[in-house]
Each structure stands twice: as structure tokens, then as C-alpha cells.
Amino acid sequence: MNTTVADTAPSRFLCHEEPHAHSGTLLGFWLYLMSDCFIFASLFACYAVLGTSTAGGPSAAEVLDLPGLAVNTALLLVSSVTFGFAMLEMARKRQRAMLAWLAVSGLLAAGFVTLEIHEFAGMIAEGAGPDRSAFLSSFFTLVGTHGLHVSMGILWLLVLMVQLGKFGLTEANIRRLQCLSMFWHFLDLVWVGVFSFVYLAGVLR
């Protein structure tokens with residue numbers, strides 16, 4: 001039985017090397033951020049429907065403190081700026097300066113979470129807890145979910161700072177820091193929406 005050339009020729013592939021892990025990681029993280037967008041979009045939609053359902057309880061104008069919120073918002077937005085400074089120092093390969101800016105970002109974010117917990121505790125102490133009305137349930141769920149994300153970002157930052165101090169600016173650590181940077185700025189954008197749609201619109205409604 002004769003064999004053809006096509007049967008005996010070795011297989012040929014157009015791709016001769018593995019895809020870069022860097023591109024795959026960033027793509028996967030973008031997909032994660034998209035899924036987070038859907039989560040927050042659902043929570044915003046719930047608040048849009050339930051935000052006026054006070055069930056005879058306090059309204060947004062009665063329980064939300066805009067002056068105190070301005071300080072909280074400034075902490076989070078400035079932390080995004082300092083994180084940008086850290087990324088610039090990373091590009092210059094100046095690890096010590098980068099770690100210093102990352103520490104400042106973490107402290108500012110921790111201040112944000114602390115003030116948010118203080119706000120929640122004060123509202124609950126005044127009888128405006130999440131079980132009081134549909135408005136407060138949707139408020140605590142939306143704002144609390146964002147605060148939980150910020151807390152996880154702080155934990156991620158601490159772990160990454162330890163890795164950077166131990167192993168330096170390796171390719172893997174640079175990739176992780178880029179992912180954390182996207183996550184950090186994403187949470188700032190979400191907070192701008194929370195501030196505008198929940199706090200500002202709620203007080204002026």
C-alpha cells in the first residue's frame with residue numbers, strides 16, 4: 001500500500017511558542033472587572049427602584065451627611081492619585097519610592113473604610129439600619145459592597161507590598177501591580193457614581 005506525501009509529512013503549526021502570560025492575565029482581569037460592573041449595575045438599579053421606599057422611616061436627606069462624606073470622598077480620590085505616583089515610580093524602577101506611595105495609598109483607603117464604618121454605625125445607632133426600610137436595605141447593600149471591595153483592595157495591597165519587598169520588581173509582581181492599579185481606579189469610578197447617584201441626588205431629592 002502506497003502512502004502519500006501528505007500522510008508522511010510532519011504537522012506544521014503557525015504558532016511555535018506559548019502565548020505570553022502577561023497578556024492572558026490582564027485580559028482575564030479585564031473580564032473580572034466587567035463582571036464586577038454587572039454586579040454594581042444591578043445594585044444601582046435596585047437602589048433606583050427602592051431609593052424612595054422609606055416605609056415611613058428616615059429619607060436620604062435625613063440620614064446622609066454630605067460634609068462628612070466630602071472628607072471620605074477626598075481620601076479615596078487622593079489615594080488613586082498616590083497610586084498613580086507609585087506606578088510612575090515602578091516604571092522608573094525605584095522600588096523604595098514606589099513602596100512609600102503604595103503605603104500612602106493604603107493608609108488613605110483605610111481612612112475611607114474607617115469613616116464609612118463610622119457612618120454605618122451611627123445610622124444603625126439612630127434606628128436607620130438596613131432592616132428599617134427598602135431604601136436603607138438597598139443603600140447599605142450598595143455602599144457596603146463597595147466598601148468591601150475597598151477592604152479587599154487594601155488586603156491585596158498589603159500582600160503585594162510584602163511580595164515586592166521580598167522578591168523585588170519581578171515580571172510577575174509588575175503584572176500583579178498593574179492589575180491592582182486597574183482595580184483601584186475602578187473602585188474610584190464606582191464611588192463617583194455612588195456619591196452622585198446615592199448621596200448627592202438623595203439629599204437634593
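Structure first, text after, so check above.
These numbers come from a predicted model, not from an experiment.

Draft legend 1. Highlighting the overall build of the chain. In terms of helices and strands, the chain carries seven helices and zero strands. Beginning at the N terminus, the succession of helices and strands in the chain can be written as α-α-α-α-α-α-α. By the burial criterion, 39% of the 205 residues in the chain qualify as buried. Looking at the chain as shown, the accessible area adds up to about 11,600 Å², and 69% of this sits on carbon and sulfur atoms.

Draft legend 2. Region of interest: the layout of surface pockets. For the largest pocket, the calculated volume is near 240 Å³. Forming the walls of the largest pocket are Val63, Leu64, Asp65, Gly68, Leu69, Asn72, Leu115, His118, Glu119, Gly122, Met123 and Glu126. Of all elements in the fold, only helix H4 (66–91) and helix H5 (95–125) reach the threshold of two or more residues within the lining of the largest pocket. If one sorts the elements of the lining of the largest pocket by residue count, H5 sits on top with five residues. Here the lining of the largest pocket is composed, by residue class, of five nonpolar, four polar and three charged.

Draft legend 3. Layout of the side chain of Asn72. Note that Asn72 resides in helix H4. Sequence-distant contacts of Asn72, that is, excluding residues within four places in its chain, are made with Gly111, Phe112, Leu115 and Glu116.

Draft legend 4. Region of the structure containing empty space enclosed by the protein. Enumeration over the complete set of coordinates arrives at one cavity of 30 Å³ or more. Of the pockets and cavities examined, the largest cavity occupies roughly 40 Å³. Every residue along the wall of the largest cavity is listed here: Leu76, Val150, Gly153, Trp184 and Leu187. Broken down by secondary-structure element, the contributors of at least two residues to the lining of the largest cavity are helix H6 (134–167) and helix H7 (171–204).

Draft legend 5. How the structure looks around the side chain of Asp36. Mapped onto the secondary structure, Asp36 falls in helix H2 (residues 21–50). For Asp36, which is buried and forms no salt bridge, the nearest opposite charge comes from Arg176, at a distance of 18 Å. Polar side-chain contacts of Asp36 include one of 2.9 Å to the side chain of His149. When residues no more than four places from it in sequence are discounted, the contact partners of Asp36 are His149, Phe183 and Phe186.

Draft legend 6. View of the packing of H5 against H7. Contact pair H5 / H7: the axes reach a minimum separation of 14 Å and the direction vectors enclose 30°. Here H5 is positioned roughly parallel relative to H7, judged by the angle of their axes. Crossing handedness for the pair H5 and H7: left-handed. Seen from H5, the contacting residues are Met98, Leu102, Ser105, Gly106, Ala109, Phe112, Glu116 and Glu119; seen from H7, they are Leu177, Trp184, Trp191 and Tyr199. A per-class count over the contact of H5 with H7 returns eight nonpolar, two polar and two charged.

Draft legend 7. Looking closely at the environment of Trp184. Here Trp184 lies in helix H7. Owing to a relative accessible area of 4%, Trp184 belongs among the buried residues under this scheme. Linking Trp184 and Leu77, residues 107 residues apart in sequence, is a C-alpha distance of 9.9 Å. Once you skip the residues sitting within four places of it in the chain, Trp184 turns out to touch Ser79, Ser80, Phe83, Ser105, Gly106, Ala109, Gly153, Ile154 and Leu157.

About the cut-offs
- Residues numbered from 1 in each chain as written.
- Predicted model: local features only at pLDDT ≥ 70, side-chain atom pairs only at ≥ 80, totals over all residues.
- Heavy atoms only, no water.
- Helix = DSSP H or I, 4+ residues; strand = E, 2+ residues; numbered from the N terminus.
- Buried < 20%, exposed > 50% of the residue type's maximum accessible area, 1.4 Å probe, protein only.
- Areas by Shrake-Rupley, 256 points an atom, 1.4 Å probe, with all protein chains shown as cover.
- 1 Å grid on protein atoms, 1.4 Å probe; cavity = no way out; pocket = protein on both sides within 12 Å on 5 of 7 lines; lining within 4 Å.
- Points joined across faces, edges and corners; volume = space filled by probe spheres on them.
- Nonpolar A, V, L, I, M, F, W, Y, C, P; charged D, E, K, R; others polar.
- Contact = heavy atoms within 4.5 Å.
- Lys, Arg positive; Asp, Glu negative; His and termini not counted.
- Salt bridge = Lys/Arg side-chain N within 4 Å of Asp/Glu carboxyl O.
- Polar contact = N/O pair within 3.5 Å; in protein donor to acceptor, adjacent residues only side chain to side chain.
- Axes fitted to C-alpha atoms, helices over the stretch in contact; angles between N-to-C directions.
- Parallel < 35°, antiparallel > 145°, perpendicular 65-115°, else oblique.
- Left-handed = near helix turned anticlockwise from the far one by under 90°.

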